[in-house]
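Residues per chain, in single letters:
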Amino acid sequence: MKNFILKIKNIIIGHLYNLFNINNKLYTSRYNYCKDCIYKEKILGINYCSLCGCPLKDKLRVEDERCLNGKW
Ligand code: SF4
């Protein structure tokens, strides 16, 4: 339950960060790993991580998010 609440919190934070262009450098540095990753999928023009199901434009901006494949 705790993990679920943390996930919801990070989804909301990531969405707001993306909306207001917060943590752009963090996003770019992490995206360098994601861009060629086999788990990156594009659905309706949005890049997702198929391991966790998160939209990358949001996930990569949140400091305490982690790559489940250990890339970053
Ligand atoms: S978060 Fe990790 S597993 Fe997911 S697409 Fe990025 S590098 Fe790949």
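Look a little higher up for the structure.
Described below are features of the structure shown in this document. (Residues numbered from 1 in each chain as written. Predicted model: local features only at pLDDT ≥ 70, side-chain atom pairs only at ≥ 80, totals over all residues.)

Concerning the overall build of the protein
Along its length, the protein carries three helices and two strands. When the helices and strands of the protein are read in sequence order from the N terminus, they spell out α-α-β-β-α. At 12 Å, the protein has a C-alpha radius of gyration in line with the 11 Å of a compact globule built from 72 residues. Considering only C-alpha atoms, the protein reaches an extent of 30 × 25 × 25 Å along its principal axes. Partitioning the intrachain contacts of the protein with sequence separation of at least 6 by distance along the chain shows that 56% fall at a separation of at least 24. (Helix = DSSP H or I, 4+ residues; strand = E, 2+ residues; numbered from the N terminus. Rg over C-alpha atoms; globule rule 2.2 N^0.38 Å. Contact = placed C-beta atoms within 7 Å.)

A few points about the environment of proline 55
For proline 55, the position within the fold is in the loop between strand S2 (46–49) and helix H3 (56–59). The exposure class of proline 55 is partly exposed, given the 16 C-beta atoms found within 10 Å. Sequence separation between proline 55 and phenylalanine 4 is 51 residues; the distance between their C-alpha atoms is 16 Å. (Buried ≥ 20, exposed ≤ 12 C-beta atoms within 10 Å, placed from the backbone.)

Thoughts on helix H2 (residues 24–34)
The set of residues buried in H2 consists of Tyr27, Arg30 and Cys34. In a view along the axis of H2, the buried residues occupy a sector of 80°, so they form one face of it. Exposed residues on H2 whose side chains face more than 90 degrees from its buried face are Lys25, Thr28, Ser29 and Asn32. On its buried side, H2 packs onto strand S1 (40–43), S2 and H3. (Arc of directions from axis to C-beta.)

Comments concerning the nonpolar core
Listed in full, the six residues of the largest apolar core are Tyr27, Cys34, Cys49, Cys54, Leu56 and Leu60. In this structure cysteine 49 touches Cys34, Tyr39, Lys40, Cys54, Leu56 and Lys59, once residues within four positions along its chain are discounted. (Core = buried A, V, L, I, M, F, W, Y, C linked by C-beta atoms within 7 Å.)

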